[in-house]
Amino acid sequence: MAKRRVKDMILEIDFNSDEALYIQLRNQIVVGIATSQLCAGESLPSVRQLAENVGINMHTVNKAYSVLRQEGYVKLDRRKGAVIAVDCNKEMARRKLVEDLQVILAGAMCKGFSRSEVHDIIDVIYDYYQGNDDISGGERGAL
């Protein structure tokens, strides 16, 4: 697993993961925004710079940036490159959230997780993103 610093956050790319590299990169940038490690108006490294720093192909970084733009997390500026600019189209984001959660919750139900267990997991993760707790779960138990 490769670890590289981007601004004040460390990107961890697992070259052995089944998850595509651009998805790993996209997910870590979204988490960086959620945890305020990356803030609105802040520029991400250029495609070339990030590709070199992380040790991946420029096309992979470009694809991650394109997905982030399509999802409303960044805007592409000719002078500044990729800039954090979360688009707050809440209705569109709500539809996407419902769509994603339907599949995740179906999987959880198939694995026998109760509503209460799912709520506990969500609370732990939400608290983590708000800086109130450790992702390991603190008093609620490890995830």
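Trainee: Which residues make up the overall build of the protein, and what are the values?
Mentor: Tallying secondary structure elements over the protein gives five helices and four strands in all. Going from N to C terminus, the protein has its helices and strands arranged as β-β-α-α-α-β-β-α-α. The burial tally for the protein puts 27% of its 143 residues in the buried class. Contacts spanning at least 24 positions in sequence make up 40% of the contacts within the protein whose residues lie at least 6 apart. Total accessible area computed for the protein in this model is approximately 9900 Å², and 50% of it derives from carbon and sulfur atoms.

Trainee: I'd like a rundown of the pattern of salt bridges, residues and numbers included.
Mentor: Counting across every chain of the model gives three salt bridges. Among the ionic pairs, Arg26 bridges to Glu71, the shortest N-O distance being 2.8 Å. Of this pair, Arg26 sits in helix H1 (residues 21-34) while Glu71 sits in the loop between helix H3 (58-70) and strand E3 (74-77); the two residues are 45 residues apart in sequence, bridging distant segments of the chain. What makes Glu71 partly exposed here is its relative accessible area of 29%. For Glu91, the salt bridge goes to Arg95, with nearest N and O atoms at 3.7 Å. Note that Glu91 and Arg95 are positioned in helix H4 (residues 90-110) at a spacing of four residues, about one turn of the helix. A residue is classified by how much of its surface remains accessible, and Glu91, at 43% relative accessible area, is partly exposed.

Trainee: Tell me about the packing of aromatic side chains, and name the residues and values.
Mentor: Following the criterion strictly, the structure yields one aromatic pair and no others. A centroid spacing of 5.4 Å and a plane angle of 55° characterise the contact between Tyr128 and Tyr129, whose relative ring orientation is tilted. Classification of Tyr128 as partly exposed rests on a relative accessible area of 30%. With a relative accessible area of 32%, Tyr129 lands in the partly exposed category. Lying across the ring of Tyr22, Lys63 places its NZ or CZ 4.3 Å from the centre.

Trainee: Requested: an account of unusual backbone geometry, with residues and values cited.
Mentor: Generally, phi is negative for residues other than glycine and the peptide bonds are trans, each holding for most cases. One non-glycine residue with positive phi stands out, namely Ser36, at about 65°. Checked against the element boundaries, Ser36 lands in the loop between H1 and helix H2 (47-54).

Trainee: Explain H1 to me, using residue names and the numbers behind them.
Mentor: With 14 residues, H1 should reach 20 Å at 1.5 Å per residue; the first-to-last C-alpha distance of 20 Å fits that figure. Along H1, the positions that sit buried rather than exposed are Gln24, Leu25, Arg26, Gln28, Ile29, Val30, Gly32 and Ile33.

Trainee: Got a sec to walk through the nonpolar core? Specific residues and values, please.
Mentor: In this structure, Leu25, Ile29, Leu44, Leu50, Val61, Tyr65 and Ile84 are the most contacted members of the largest nonpolar core, which totals 19 residues. Broken down by secondary-structure element, the contributors of at least two residues to this core are strand E2 (9-13), H1, H2, H3 and strand E4 (81-84).

Reading the values: rules and limits
- Residues numbered from 1 in each chain as written.
- Predicted model: local features only at pLDDT ≥ 70, side-chain atom pairs only at ≥ 80, totals over all residues.
- Heavy atoms only, no water.
- Helix = DSSP H or I, 4+ residues; strand = E, 2+ residues; numbered from the N terminus.
- Buried < 20%, exposed > 50% of the residue type's maximum accessible area, 1.4 Å probe, protein only.
- Contact = heavy atoms within 4.5 Å.
- Areas by Shrake-Rupley, 256 points an atom, 1.4 Å probe, with all protein chains shown as cover.
- Salt bridge = Lys/Arg side-chain N within 4 Å of Asp/Glu carboxyl O.
- Phe/Tyr/Trp six-rings, centres within 6.5 Å; stacked < 30°, edge-to-face > 60°.
- Lys NZ or Arg CZ within 6 Å of the ring centre and 35° of its normal.
- Expected span 1.5 Å × (residues − 1).
- Core = buried A, V, L, I, M, F, W, Y, C linked by side-chain atoms within 4.5 Å.

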